[in-house]
Amino acid sequence: MRFAPFRLTARAMSDRKTLHAAFAAKVDAVLAALEAEGVLPAGVSRANVTVEPPRDASHGDLATNAAMVLAKQAATNPRALAERIVEHLGRDAQIESAGIAGPGFINMRLADSAWRREIGAIAGLGSDYGRSAMGAGQRVNIEYVSANPTGPMHMGHCRGAVVGDALAALLEFAGHEVVREYYVNDAGGQVDVLARSAHLRYREALGEDIGAIPEGLYPGDYLKPVGEALAAEFGDAHRDRPEGDWLPLFRERAVAEMMALIRADLALLGIHHDVFASEAELQRAGKPEAAEAWLREHDLVYDGLLEAPKGKTPEDWEPVELPLFRSTRFGDDQDRPIRKSDGSWTYFGADLAYHMQKAEGADALIDIWGADHAGTVKRIKAAVAALSEGAGGRTIPFDVKLVQMVQLLRGGEPVKMSKRAGTFVTLADVVREVGKDVVRFTMLTRKPEAQMDFDFAKVVEASKDNPVFYVQYAHARISSTLRKGAAEGVAPAPDALDRLGGEELALVKQAAQFPRVVEAAAQAREPHRIAFFLYDLAAAFHAYWNLGNDDPAKRFIVAHDNELTAARLFLAAQIGQVIRNGLALLGVEAVEEM
RNA sequence: GCGCCCGUAGCUCAGUCGGAUAGAGCAUCGGAUUCCUAAUCCGGGGGCCACAGGUUCGAAUCCUGUCGGGCGCACCA
């Protein structure tokens, strides 16, 4: 069952009461009362009733569509039903006013005391403010990055890495048990090429003049240290031996070195996986065979002729008989081979087994892939659907998030990259140039399925067009204000929160959205919503701050009024707390000063 | 040819399960600094939500088609 935050479900009611959930509960209680009075028919479905902030803040703090949704079932018109609901809501001391608007919306304005209480709630929960129990008991496996272990990370991998990592943190914060996983493709032809490239560098390290790197081998300098390490360890023992003698060994060593490189690159971004799953190990353990046997048993794999790709048949097309997975049964365009004609596993065959393995230890799976793999989504979804079907009806929710390409620009001009010449832009270069926080935040300021430009000239601009500085600046200002307050001998204190008025409470209203933004973002699996929330919160903070420019009485630190200063500093501290909590989900540092 | 993603202000993008007068930043024009950081704020102008149908109390949002951009389409990974 998918969980919809702030719908009036039993689930939402049982959650810890955030301010919004508490008021959703009040509305539900009113509807229950009306049902008892006979105004609403017994057992009416309230599933479509929402309680949420209206888009236009001038309408109030919360709005519900209850009257519009339920009018038909109550055999009345929306406005008449709304009047009955408003009548009940008006009796609640926490609701200052409730009114009917438009086609039957009910707008509520909450009492100031409710918002003041929320400031205390933030303080009480601290770094747990916004944490949700929504995913309690749910084990989610999220696989991201999974770059081939044939070289350092380049910018093409970056977006998926950041999105995956932020999503993992988000789901964890929303109560899920999260496993961060990296699938190491150390069994295909590419790692053989890597091993040969390493062998060449090994001969070079032994003093041989290897000349230009031949076509088909990896030319990058990053393999030189690998060759040197191999030379240091083995001397010339493997120099003149036939390939078959050294290939497995060199492959293993080179892959290990590449993974060390990749882990170091990921660490630069603050990314750490829990599990590195090796395709080679998976195969040694016989997992693909087991998957194949199971699938054959259920008539989901058969030996058949591989069809030509849809719409275009290559000149040299020859039909071959291969073990095929019936992915068409689950919506794919054609059945897909799990073994090659030499009997070895296709990428898909091994990947299928890998997903089976992941599904054993998780209630839900998420893959983050680059958009260039879009063509293979259907088959892997088909595979997981098949496993679900066979797993005794336990369906395994499975999302493949496609992350679109990032175009690198410098001052509006595309950055030229050539893999063959080895001139791709590495992730490490970019992080070194613009910093981790800029890379991470920028990658999260667009929904992942939209294409994106990354312009070096723009993202390092500390002033304009750059949300990360904007948000960090808000936090830095808060920190500096608290420092200044301390220097003047005033500590933040909640004793006189009743002296905070509408302008301060507007800030609280913004911050109080955080718990529901977390749940909505987690449910939609869209970490970018956190970034946009932080931007809005920072904007509200900066706006409030600038009131003090015109009117010194509106500054956080008010001369000769320690009571008010303490209350405002307390507010500032809690806004800072919410910003920190949000930035933590994005993996961006909340700086104390800039 | 087929599949997937995208199309919202001059530019880059948000837009909650279908909800009220579609929002922000940049750019542009006009303002604010003896002040806790102006790396900020306030205001003006700027929209056939690609186009055409459909679904309904209501559509940027859902459905169908068209156009435009991107990605992919063999036993590669």
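Relevant structure appears above.
In what follows, the accompanying structure is described. (Residues numbered from 1 in each chain as written. Chains lettered and ligands numbered in written order. Predicted model: local features only at pLDDT ≥ 70, side-chain atom pairs only at ≥ 80, totals over all residues. Heavy atoms only, no water.)

## Points about the sheet that holds strand 10 (residues 336-337)
- Strand order in this open sheet of three strands is 8-9-10, and the pairing throughout is antiparallel. Edge positions in the sheet fall to strand 8 (301-305) and strand 10, since each has one partner strand and no second.
- Direction of pairing for strand 8 relative to strand 9 (residues 321-325): antiparallel, over a ladder of five bridges. Looking at strand 9, one finds that Val-301 is bridged to Phe-325.
- Sheet strands in contact with helix 11 (residues 287-297) are strand 8 and strand 9, and its direction is about 85° off that of strand 8. (Pairing = 2+ DSSP bridges. Helix = DSSP H or I, 4+ residues; strand = E, 2+ residues; numbered from the N terminus. Contact = heavy atoms within 4.5 Å. Axes fitted to C-alpha atoms, helices over the stretch in contact; angles between N-to-C directions.)

## As for the environment of Ala-166
- Structurally, Ala-166 is set in helix 6 (residues 155-173).
- Separated by 275 residues in sequence, Ala-166 and Phe-441 place their C-alpha atoms 9.9 Å apart.

## Quick look at the protein's contact with RNA strand B
- Around RNA strand B, the surrounding shell holds 75 residues, and the nearest of these are Arg-446, Tyr-470, Tyr-473, Ser-480 and Asn-546.
- Close to the protein, within 4 Å, the atoms of RNA strand B are drawn from sugar and phosphate at a rate of 60%.
- One of the side-chain nitrogen or oxygen atoms of Asn-148 is found 2.6 Å away from a sugar or linking oxygen of RNA strand B.
- Between RNA strand B and the protein, one listed contact pairs a sugar or linking oxygen with a side-chain N or O atom of Lys-378 at 3.5 Å.
- Only strand 4 (105-110), helix 7 (189-205), helix 17 (467-487) and helix 20 (528-550) provide two or more residues apiece to the surface near RNA strand B. (Near = heavy atom within 4 Å. Polar contact = N/O pair within 3.5 Å; in protein donor to acceptor, adjacent residues only side chain to side chain.)

## As for the nonpolar core
- The biggest cluster of nonpolar side chains holds 137 residues, and the ones touching the most others in it are Ile-85, Val-439, Phe-454, Phe-514, Ile-530, Ile-575 and Ile-579.
- Discounting chain neighbours no more than four positions away, the residues touching Phe-514 are Tyr-129, Gly-130, Phe-173, Ile-530, Phe-533, Val-578, Asn-581, Gly-582 and Leu-585.
- Core analysis: the second largest hydrophobic core is formed by 30 residues, Val-301, Phe-325, Ala-386 and Ile-396 among them. (Core = buried A, V, L, I, M, F, W, Y, C linked by side-chain atoms within 4.5 Å. Buried < 20%, exposed > 50% of the residue type's maximum accessible area, 1.4 Å probe, protein only.)

## A few points about the sheet that holds strand 12 (residues 398-403)
- The five strands are arranged 7-6-5-11-12 in an open sheet whose pairing can be described as parallel. Unpaired on one side and paired on the other, strand 7 (275-278) and strand 12 mark the two borders of the sheet. Taken over all neighbouring pairs, the strand axes of this sheet differ in orientation by 25° on average, direction set aside.
- Along the sheet, helix 6 makes contact with strand 5 (139-143), strand 6 (177-184), strand 11 (364-370) and strand 12, crossing strand 6 at roughly 155°.
- Strand contacts of helix 12 (residues 347-360): strand 5, strand 6, strand 7, strand 11 and strand 12, with the helix running at about 160° to strand 6, the strand carrying the most contacts.

## Focus: helix 12
- Helix length check: helix 12, at 14 residues, gives a terminal C-alpha distance of 20 Å against a target of 20 Å (1.5 Å per residue), a fit within 8%.
- Of all the residues in helix 12, the buried ones are Phe-348, Gly-349, Ala-350, Asp-351, Leu-352, Ala-353, Tyr-354, His-355, Met-356, Lys-358 and Ala-359. (Expected span 1.5 Å × (residues − 1).)

## Some thoughts on the side chain of Arg-568
- Inspection of the secondary structure puts Arg-568 in helix 21 (residues 562-586).
- In this structure Arg-568 comes out as buried when scored by relative accessible area, which is 7%.
- Of the polar contacts made by the side chain of Arg-568, one reaches the side chain of Tyr-544; its length is 3.3 Å.
- Arg-568 has contacts with Leu-500, Glu-504, Tyr-544, Ala-553, Lys-554, Arg-555, Phe-556 and Val-558, leaving out every residue within four places of it along the chain.

So far we have only geometry, and geometry alone does not tell us how the molecule works.
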